[in-house]
Amino acid sequence: MKEVGLQPSVYSSSALVQALGRARQWQRALQIFEDSLEQVDADCALYSSAMKACDMDYDRVLTLMDDMVASGIKPDLQSYGIAIGSCCSSQQWQEALDLLLRAEEEDLEPNAKTVSLVMKTMTGQEQWERSLQLWHRFGEAELKVDAMAFTTAIQACAHAKLWRHALGLLEDMHREDLNPGAIPTSVAISACNGVSEWEVAVELFRSARESREAMDSIIYNAAMQSCGEGGLWKEAIRLFQHLEADLTMAPTAQSYGALMTAMHKSGKWQKGFVAFTAMKEAMARSLKVDVLGFSAAVNVAEAAKKWPLAVHLLMQEMPEHKIAPDTLSFNSAISAAERSRKWRVAIALLQEMKDLDVARDVESYAGAILACVAGKQWSRGLNLLDLMASDDLGADAQSYGVLLSECEQRSTGSELAESALLTALAERGAGVSSSSRQPRYAAPSSDEAASGTKAPPSTAPTAPRRREAEDFKPMPCTSAMNVRRVKGRAVPGHTPGRLAPLVDAPLPTMPAPGPLRAPKIFVRAGQPYAKELRLLQHVMQKAPQGDPAAICEAIENFGDEILVRGKARLWLKIAGGIKTDVLTAAIKGGPLTSGDLQCSVLEIGAYCGYSSTRMALALPGVHIASMEVDPVHMIIARNVVLHGGLAGTIDVWTGHSKDLLPRILKRYGGELKFGAVFMDQKGSRYQEDMLKMESENLLHPGAVVVADNVLKPGAPLFLYQIMNGGRYNAQIVSLDEFAMPSEDWMSINVKKLNAPQNDTEPPEDLHQLSKETDRMRERAVGPGRSVTYEEWAEFAQDVKTRLARTNVTLTVDLRPESSRDRDDLFSAKSK
Ligand SMILES: C[S@@+](CC[C@H](N)C(=O)[O-])C[C@H]1O[C@@H](n2cnc3c(N)ncnc32)[C@H](O)[C@@H]1O
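This structure is a prediction, so every number in the text was calculated from the model and none was measured.

## Some remarks on the pairing of strand β9 (residues 743-751)
Buried residues dominate β9, accounting for seven of its nine residues. As judged from the four bridges shared by strand β7 (residues 699-707) and β9, these two strands associate in the antiparallel manner. Within the sheet, the bridge partner assigned to V706 lies in β9 and is I748. Between strand β8 (residues 728-736) and β9, which pair antiparallel one after the other, the connecting turn spans six residues, and A739 there sits at a positive phi close to 55°.

As structure tokens, this is what we get:
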């Protein structure tokens, strides 16, 4: 322009930058933009053109946006749209969400497409709940919901285990004439992947097949996956055969993967290998298989505990087929090694990942750490924790848990290593992920899925805003406070330090730790363990030190007033209210003596230390050993105990009951015996743990065993055995759940003297019911509070009916009339 004597205007500059951007000449575009800033009065359109030109680089886009604001220009809706789109393309959901909220604050209403895009990005980044929160925007801003938003919301519901909502959304899509197509249908089928929802999944599958308008192999794949989750392997095979016979479509690599997954989830790994062989035959014909197909085969090998095969598939067959193993397939192989206690193999695979430039994630390390612990190489496990830090990864709760448990249980002592671990855990605090093991193969995969929308559940939390971080300091108390009576000598432990060599590494020598000082951590709502950390904070603020009664009141108040009645609408899983009265009254009947280890109380499931504190108050001076598998819960429980001045009475041990029960006696030098037990772990474990206590001779004759939550979610196998086995005087008490308008049962049992073992195998339906209770529990503690009161009431009724068929019914009813009326109301509503 200058050459022909024309002065550039802001419009012409903007047009030029835009044109260069469209031609993907972003560097030139930015150069012209920079020059223009000196020649014309820049406006929003000019900045937007520059942003659009380099929208593949979100960082640059955000810098341009900041520059625009700094030069006094207000970004318009288009600039926000470009910036949000750029962040979404780079999977920066947090930045995208912030921009969306900022636009709204400036009274700019982003359109449906932009909101859908942010939802999709968040769903892709596993931010299901947040994604569903955005759903409200459609209603609030009266935006027309498009198919992408619908599909995204269905995916988010599926991942958050909100299968009913997923189905509701699919129906709405039909109602709004947004032909859902194969993807949302298959996602909704995948959402119904529990035993109890299997029938719904089948119904969905059938109607999709009948209508045929949206039928696709991915719907078959989803249905096979649902079968696998429900243990219905025969149905999965049948579906695969139908798919093979269908002339309009053919099994894909995902179909073989889904079939293999269904087989291994149903424990039919041999059939899984048959499916793998079939896949290879199809490959020889022309089937294109990606890494997922082989990963599914490695999973089968893992389930079959055939680690050499897993390694062979990974290191030989995959390269032969020119398929590069990914993190997922390596993780499965590491897990296979772990299951066979091959710690060297697990560590070598971890090293291989590094050599092949395959990203190692928390699960890769968790598998190798568990393998080390299983192979009695706990110090190597600690070294791996260091290595994890050097990979910028924080360990998962499970890895910390097993390592802490090892430290505590080793009779040689390892207090220094333990305090180092505890400090690391407390520093990470709410950042520790609560579950490490994720499903490995999901059909349909996110690649298969696109996106789509409608009104999300009313229970979904409200608008996401950045929340104020709160200062909080838990004390990482070591199990040294547990070992007053335990003989052990201190040995050099381990300090998380710099990268330790992987194999045959000597432990670094430890500098002596300073005094244990509580590190500063932040509690942010929505983070894992935020609820529990806030509880501890509340206790420390509200209850004076050394006053256990005030501590219990503060915990109940937190659970009732703040969580249930407050904005959060969350439930605290403690045995509070009338459950405390029943528990303490029952255990007082056991053979317990103050200060005598031979007459102690055992608790399985300490959580935050509420029930153990209640029991200590009811039985002053009686020793209580409490087991807690989750290391964050353990730290909180120990802090509560310490705050209450009960460290001399209650020992909180880290670990899973299956590992700790056989070791606890040795840990106390053989002096321990229990006169009362409170089982408050997962109901499906009660029976096994009970048998273990008996076989380890941990129970006194006359010992009282109390088990909580035996109706909701339930413990059918335990109830069957205890009521029918004849070794216990058994009662089932019906009462109100703590801070929840629903019925639960507690089981109270007194061990008879010399009663013969007379156990009979529970009927098959109770085994099935036990799986369903696990699934319900999973849903209840999972994201999105996905079990409504009505669903609980319906489920409890089903449990009662099926138990009654085996003569298991309640014996004592402590519920007031008003509670029963309320139940009737709920069950009427759910019909
Ligand atoms: C319902 S909460 C316990 C509540 C506690 N008893 C109270 O009333 O204050 C269950 C706790 O058991 C723990 N847990 C689950 N299974 C376990 C197991 N097998 N061994 C030890 N702890 C377990 C969980 O991590 C959780 O903290």
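Let's pick the thread back up.
## Focus on the environment of A755
Tracing the backbone through its elements, the reader meets A755 in the loop between β9 and α34 (764-781). What makes A755 partly exposed here is its relative accessible area of 23%. Between the alpha carbons of A755 and G726 there is a distance of 7.1 Å; along the sequence they are 29 residues apart.

## Quick look at the packing of aromatic side chains
Within the structure shown, the criterion is met by eight aromatic pairs. When the centroid spacing of 5.9 Å and the interplanar angle of 90° are considered together, the rings of W653 and Y668 count as edge-to-face. One end of the pair, W653, is in strand β5 (residues 650-654); the other, Y668, is in the loop between α30 (657-667) and β6 (674-679), and 15 residues separate them in sequence. Sitting over the ring of W571, K712 keeps its end group 5.7 Å from the ring centre. Its guanidinium or amino end placed over the ring of W792, K712 lies 4.7 Å from that ring's centre, counting from NZ or CZ.

## Some remarks on the site of the ligand
Within the structure, the ligand sits among 23 residues, and A575, S611, E628, H633 and D680 are positioned closest to it. Note that a nitrogen atom of the ligand is positioned 2.7 Å from one of the side-chain N or O atoms of D680. When the ligand is considered free in solution it has 600 Å² of accessible area, and contact with the protein chains removes 91% of it. For the shell around the ligand, the secondary-structure elements that each account for two or more residues are β3 (600-604), α28 (610-618) and β4 (624-628). Residues belonging to the shell around the ligand are distributed by class as follows: nine nonpolar, seven polar and seven charged.

## Description of helix α5 (residues 77-89)
With 13 residues, α5 should reach 18 Å at 1.5 Å per residue; the first-to-last C-alpha distance of 18 Å fits that figure. Listing the buried residues of α5 in full gives S79, Y80, I82, A83, I84, G85, S86, C87 and C88. Against the buried residues of α5 lie α3 (44-53), α4 (58-70), α6 (93-105) and α7 (112-124). The N-cap residue of α5 is D76: its side-chain oxygen and the backbone nitrogen of Q78 are 3.1 Å apart. Just downstream of α5 lies Q91, where phi reads positive at about 60°.

## Let's talk about the sheet that holds β5
Judged by pairing direction, the sheet is mixed, and its eight strands sit side by side in the order β5-β4-β3-β6-β7-β9-β8-β10 without closing on themselves. The sheet is open, and its two borders are formed by β5 and β10 (812-813), each paired with just one other strand. The strands that helix α27 (residues 578-587) touches are β6, β7, β8 and β9; relative to β9, the one it contacts most, it runs at about 5°. Set on the sheet, helix α29 (residues 631-643) makes contact with β4 and β5; between it and β5 the angle comes to about 165°.

## Things to note about the state of the cysteines
The tally for this structure, following the rule as stated, stands at zero disulfides. C88 takes part in no disulfide bond, and the closest cysteine sulfur, belonging to C87, lies 6.9 Å away.

## Section: the pattern of salt bridges
Inspection of the entire model under this criterion finds 33 salt bridges. For K52, the salt bridge identified is with D55, shortest N-O distance 3.3 Å. Look at K52 and you get partly exposed, because its relative accessible area is 44%. Since its relative accessible area comes to 18%, D55 is described here as buried.

## Quick word on unusual backbone geometry
For the bond from K712 to P713, the omega torsion is 0°, close enough to zero to count as cis. Among the structural elements, P713 can be located in helix α32 (residues 710-714). In this model, D357 sits at a positive phi of 65°, which is unusual for a non-glycine residue. Mapped onto the elements, D357 comes out in the loop between α20 (343-355) and α21 (362-374).

## Some points on the packing of α4 against α5
In contact at an axis separation of 9 Å, α4 and α5 are set at 155° when each is read in the N-to-C sense. The orientation of α4 with respect to α5, classified from their angle, is roughly antiparallel. In terms of crossing hand, the pair formed by α4 and α5 is left-handed. Mapping the contact onto sequence places Y58, V61, L62, M65 and M68 in α4 and S79, Y80, A83, S86 and C87 in α5. Partitioning the contact of α4 with α5 into residue classes produces eight nonpolar, two polar and no charged.

## Observations concerning the nonpolar core
W135, F138, M224, M260, M279, L384 and V706 are the most contacted members of the largest nonpolar core, which has 177 residues in total. When neighbours within four sequence positions are excluded, V706 is seen to be in contact with L583, A586, I587, V677, F678, M679, M746, S747 and I748. Judged by nonpolar contacts, the second largest core, of 45 residues, contains I664, L717, V787 and W792.

Criteria and thresholds
- Residues numbered from 1 in each chain as written.
- Predicted model: local features only at pLDDT ≥ 70, side-chain atom pairs only at ≥ 80, totals over all residues.
- Heavy atoms only, no water.
- Buried < 20%, exposed > 50% of the residue type's maximum accessible area, 1.4 Å probe, protein only.
- Helix = DSSP H or I, 4+ residues; strand = E, 2+ residues; numbered from the N terminus.
- Pairing = 2+ DSSP bridges.
- Phe/Tyr/Trp six-rings, centres within 6.5 Å; stacked < 30°, edge-to-face > 60°.
- Lys NZ or Arg CZ within 6 Å of the ring centre and 35° of its normal.
- Near = heavy atom within 4 Å.
- Polar contact = N/O pair within 3.5 Å; in protein donor to acceptor, adjacent residues only side chain to side chain.
- Areas by Shrake-Rupley, 256 points an atom, 1.4 Å probe, with all protein chains shown as cover.
- Nonpolar A, V, L, I, M, F, W, Y, C, P; charged D, E, K, R; others polar.
- Expected span 1.5 Å × (residues − 1).
- Contact = heavy atoms within 4.5 Å.
- Axes fitted to C-alpha atoms, helices over the stretch in contact; angles between N-to-C directions.
- Disulfide = S-S within 2.5 Å.
- Salt bridge = Lys/Arg side-chain N within 4 Å of Asp/Glu carboxyl O.
- Parallel < 35°, antiparallel > 145°, perpendicular 65-115°, else oblique.
- Left-handed = near helix turned anticlockwise from the far one by under 90°.
- Core = buried A, V, L, I, M, F, W, Y, C linked by side-chain atoms within 4.5 Å.

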